[in-house]
Protein chains: 2
Amino acid sequence: MNISQAAGETGLPAKTIRYYEEIGLVTPLRDSNGYRAFGEADVHKLTFLARSRALGFSIEDCRTLLGLWEDQSRASSDVRTLAKEHLAQIEAKIEDLQAMRDTLSELVEACVGDDRPDCPILKDLASA
Amino acid sequence: MNISQAAGETGLPAKTIRYYEEIGLVTPLRDSNGYRAFGEADVHKLTFLARSRALGFSIEDCRTLLGLWEDQSRASSDVRTLAKEHLAQIEAKIEDLQAMRDTLSELVEACVGDDRPDCPILKDLASA
DNA sequence: CCTTGACCTTCCAGTGACTGGAACCCTTAT
DNA sequence: ATAAGGGTTCCAGTCACTGGAAGGTCAAGG
């Protein structure tokens, strides 16, 4: 399977797949012409990566998860620990963003937004 | 005022302030020894920047906001438009993260997390 | 006067996870 | 023979800093 087909199957851009090979997440074989030849296992890995990345895991986390996935004897608690840590980070980020959103939406509400130069948003930014 | 004092007043790291000068957001004077000399206006600008960045505005947005702030004749609607666009982006990001959080917390719930190799999290990552 | 330590300066490199683009090779069809 | 549409590598850029090296400046203490 060529790279564009692997891209189609996994939903990842070809560029990203090349990058994943460069950093050692996948190692497709090569045809005699130098083209990458993706097998079933490669596509599975890439799908796994696409899904993990979509859930916000970092590349290094993904590397670890892939390792656990391929380790038949891993303990599921290792995976769970990683996932819980990541979940906590996501929740923290959500809270940060919600705080930003709350402040910002107050400011937008407070600003009439007409042609006059008086602007509560700038006032807040300057003074807070 | 030296850079470390400006850093203390604004809460920004000295490194960040130097960076802001490099990209033209502030232009403090220099003492004869080459040290940066921050005046009131510089500190005000830096405070404005710290606050805007804390609300998640990009550097380029901050540059625009600073410009509007210093433009006595700006219309407040310009500011409001920028803020509303930014607010929409933040809200989109919150939704993305909430979707991640929901999926991930389901997976963490589903995973007993014991010493056995069976792991619903990895199963999901591999198949979804 | 010398040293020590805490400042300050500049410049360069690295971060994360790609993404864009140039320059060039391979294959297939016309 | 050529043109289109794959593929390849390598280099540079993104964003907003951050770390570190190498070196200049200043005030206090011995």
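This text goes with the structure placed above it.
Below, the structure is looked at part by part. Because the structure is a prediction, the values reported are computed rather than measured.

### Thoughts on the protein's contact with DNA strand C
Thought 1: Residues in contact with DNA strand C amount to 19 residues; listed here are only the nearest, Lys15(A), Tyr20(A), Arg53(A), Ser4(B) and Arg36(B).
Thought 2: Near-protein atoms of DNA strand C (within 4 Å) split between backbone and bases, with sugar and phosphate holding 69%.
Thought 3: Within the side chain of Arg30(B), one N or O atom sits 3.2 Å away from a phosphate oxygen of DNA strand C.
Thought 4: Those elements giving two or more residues to the surface near DNA strand C turn out to be helix H2 (14-22) of chain A together with helix H1 (3-10) and helix H2 (14-22) of chain B.
Thought 5: With 4 residues, H2(A) is the largest single contributor of residues to the surface near DNA strand C.
Thought 6: Residues that form the surface near DNA strand C fall into these classes: 7 nonpolar, 6 polar and 6 charged.

### Quick notes on the relation of the copies chain B and chain A
Thought 1: When chain B is fitted onto chain A, the two copies agree to an RMSD of 0.1 Å after a turn of 180° and an axial shift of 0.0 Å. These values place the two chain copies in the arrangement generated by a two-fold rotation axis. Taking C-alpha positions as the reference, the residue of chain B nearest the rotation axis is Ile94(B), at 3.0 Å.
Thought 2: In this assembly, 100% of the residues forming the interface of chain B have copies in chain A that are likewise at the interface, indicating an isologous arrangement.

### Observations regarding the protein's contact with DNA strand D
Thought 1: Around DNA strand D lies a shell of 19 residues, among which Ser4(A), Arg36(A), Lys15(B), Tyr20(B) and Arg53(B) are the nearest.
Thought 2: Close to the protein, within 4 Å, the atoms of DNA strand D belong to sugar or phosphate groups at a rate of 66%.
Thought 3: Interatomic distance of 3.1 Å between a side-chain N/O atom of Arg18(A) and a phosphate oxygen of DNA strand D.
Thought 4: Measuring from a phosphate oxygen of DNA strand D, one finds a side-chain N or O atom of Arg36(A) at 2.6 Å.
Thought 5: Listing elements by their share of the surface near DNA strand D, those giving two or more residues are helix H1 (3-10) and H2 of chain A together with H2 of chain B.
Thought 6: Here the surface near DNA strand D takes 4 residues from H2(B), the largest share from any one element.
Thought 7: Per-class residue counts for the surface near DNA strand D are 7 nonpolar, 6 polar and 6 charged.

What counts as what
Residues numbered from 1 in each chain as written. Chains lettered and ligands numbered in written order. Predicted model: local features only at pLDDT ≥ 70, side-chain atom pairs only at ≥ 80, totals over all residues. Heavy atoms only, no water. Near = heavy atom within 4 Å. Polar contact = N/O pair within 3.5 Å; in protein donor to acceptor, adjacent residues only side chain to side chain. Helix = DSSP H or I, 4+ residues; strand = E, 2+ residues; numbered from the N terminus. Nonpolar A, V, L, I, M, F, W, Y, C, P; charged D, E, K, R; others polar. Least-squares fit on C-alpha atoms with pLDDT ≥ 70 in both. Contact = heavy atoms within 4.5 Å.

On their own, these measurements won't tell you what the molecule is for.
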